[in-house]
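# Results of the structural survey
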Amino acid sequence: MKLGIVLALLLCVANVSGQTKAPAAVRGILEKQTRAWNEGNLEQFMNTYWQNDSLVFVGKSGVTYGWKNTLLNYKKNYPDRASMGQLNFDLIRIEALSESTYNIIGKWKLTRSIGNLQGHFTLIVKKIGNQWLIVQDHSS
């Protein structure tokens, strides 16, 4: 009985230690996004997304497929610094779905002179090559 408990604990520790690098890298995506957004650089902000036609973005207007279309939507909805404001994220949960895939749930807030906006998001982040990239974003 004790051996079973020890083995279970060792497996949990091994699993956690094997994933310690991923959460920092995954959190780094949101830090890069915040920095780029707050500098008014939408292209740099979009570098955290998978540059592929299979990227999925779900927002209040529906589903958008593809990196280019997602960037065009951001440019249309946030055409200037006043509309962009200052971005802040509040992470609620980061969950490993596999060694190379994470689910992130959080809150976003734009502080703007023209009126604040806020909502929630769910991201699917995958390790593609040697980069962690957002492959699916549902923001509301």
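The written sequence of each chain sets the order in which its residues are numbered from 1. In view of the model being predicted, local features appear only for residues whose pLDDT reaches at least 70, and side-chain atom pairs are presented and counted only at 80 or more, with totals across whole chains, interfaces and linings using the full set of residues. Calculated side-chain values reflect all of the structure's heavy atoms, with hydrogen atoms and water omitted.

### Section: the overall build of the protein
Numbering of helices and strands starts at the N terminus; helices are DSSP runs of H or I of at least 4 residues and strands are runs of E of at least 2. The helix and strand inventory of the protein stands at five helices and six strands. Sequence-ordered secondary structure for the protein, helices as α and strands as β, is α-α-α-β-β-α-α-β-β-β-β. Looking at the 140 residues of the protein, the share that counts as buried comes to 37%. Residue contacts follow a heavy-atom distance rule, with two residues in contact if any of their heavy atoms lie within 4.5 Å. Taking all contacts inside the protein whose residues are at least 6 apart in sequence as the whole, residues at least 24 apart take part in 49%. In the form shown here, the protein has an accessible surface area of approximately 8800 Å², with 54% of it arising from carbon and sulfur atoms. Accessible area is worked out with a 1.4 Å probe on protein chains only. A residue is then buried under 20% of its type maximum, exposed over 50%, and partly exposed in between. The method behind every accessible area is Shrake-Rupley, applied with a 1.4 Å probe, and residues are considered shielded solely by the protein chains displayed.

### Let's talk about the layout of surface pockets
Counted as a void, the largest pocket has a volume near 730 Å³. Residues are said to line a cavity or pocket when one of their atoms sits within 4 Å of a point; the points come from a 1 Å grid over protein atoms alone, cavities being sets where a 1.4 Å probe fits but cannot get out and pockets being open sets with protein on both sides within 12 Å along at least five of seven lines. Along the wall of the largest pocket there are 32 residues; nearest its centre are Phe57, Tyr74, Asn77, Tyr78 and Ser139. If you list the elements that add at least two residues to the lining of the largest pocket, you get helix H2 (21-38), strand E1 (56-59), strand E2 (62-65), helix H4 (67-77), strand E3 (86-98), strand E4 (101-111), strand E5 (117-128) and strand E6 (131-139). By residue number, the principal contributor to the lining of the largest pocket is H4, which donates five residues. Taken together, the residues of the lining of the largest pocket break down into 16 nonpolar, twelve polar and four charged. Grid points are joined across faces, edges and corners, and a volume is the space filled by probe spheres set on the points. Residues are grouped as follows: Ala, Val, Leu, Ile, Met, Phe, Trp, Tyr, Cys and Pro are nonpolar; Asp, Glu, Lys and Arg are charged; all remaining types, including Gly, are polar.

### Some thoughts on the environment of Gly119
Residue position: Gly119 is located in strand E5. As a C-alpha pair, Gly119 and Gly106 span 13 residues in sequence and 8.7 Å in three-dimensional space. The contact partners of Gly119, leaving out residues within four places of it in the chain, are Gly106, Lys107, Trp108 and Ser140.

### Thoughts on the packing of aromatic side chains
Put simply, two rings from Phe, Tyr or Trp (the six-membered ring, in Trp's case) pair if the centres are within 6.5 Å, and we call them stacked under 30 degrees between planes, edge-to-face over 60, tilted for the rest. For the coordinates displayed, the defined rule picks out nine aromatic pairs. Both rings, one in Phe57 and one in Tyr74, keep their centres 5.7 Å apart while their planes meet at 70 degrees; by these two values the pair is edge-to-face. Note that Phe57 is positioned in strand E1 and Tyr74 in helix H4, a separation of 17 residues in sequence. With relative accessibility at 15%, the residue Phe57 sits in the buried group. Judged by centre distance (5.5 Å) and plane angle (70 degrees), the rings of Tyr102 and Trp132 are edge-to-face. One end of the pair, Tyr102, is in strand E4; the other, Trp132, is in strand E6, and 30 residues separate them in sequence.

### A few points about the confidence of the model for the protein
As a per-residue measure, pLDDT reflects the predictor's confidence and takes values from 0 up to 100. The pLDDT averaged across the protein works out to 88; a share of 84% of its residues lies at or above 70. Across the protein, element-level confidence peaks in E2 with a mean pLDDT of 98 and bottoms out in helix H1 (residues 2-18) with 39. A low-confidence stretch, residues 1-20 stays under pLDDT 50, and its non-local contacts, those more than four residues away or across chains, total two contacts.

### Topic: the pattern of salt bridges
For this document, the term salt bridge refers to a Lys or Arg side-chain nitrogen within 4 Å of an Asp or Glu carboxyl oxygen. Scanning all chains against the criterion turns up two salt bridges. Between Glu95 and Arg93 there is a salt bridge; the shortest N-O distance is 3.3 Å.

### Regarding the nonpolar core
Core analysis: the biggest nonpolar cluster contains 27 residues, and Trp37, Phe45, Tyr49, Tyr74 and Val125 have the highest contact counts within it. Top contributing element to this core by residue count: H2, with five residues. With residues up to four places along the chain from it excluded, the contact list for Phe45 reads Gln33, Ala36, Trp37, Tyr74 and Leu87. Only buried residues count toward a nonpolar core, which is a set of Ala, Val, Leu, Ile, Met, Phe, Trp, Tyr and Cys residues joined through side-chain atoms within 4.5 Å.

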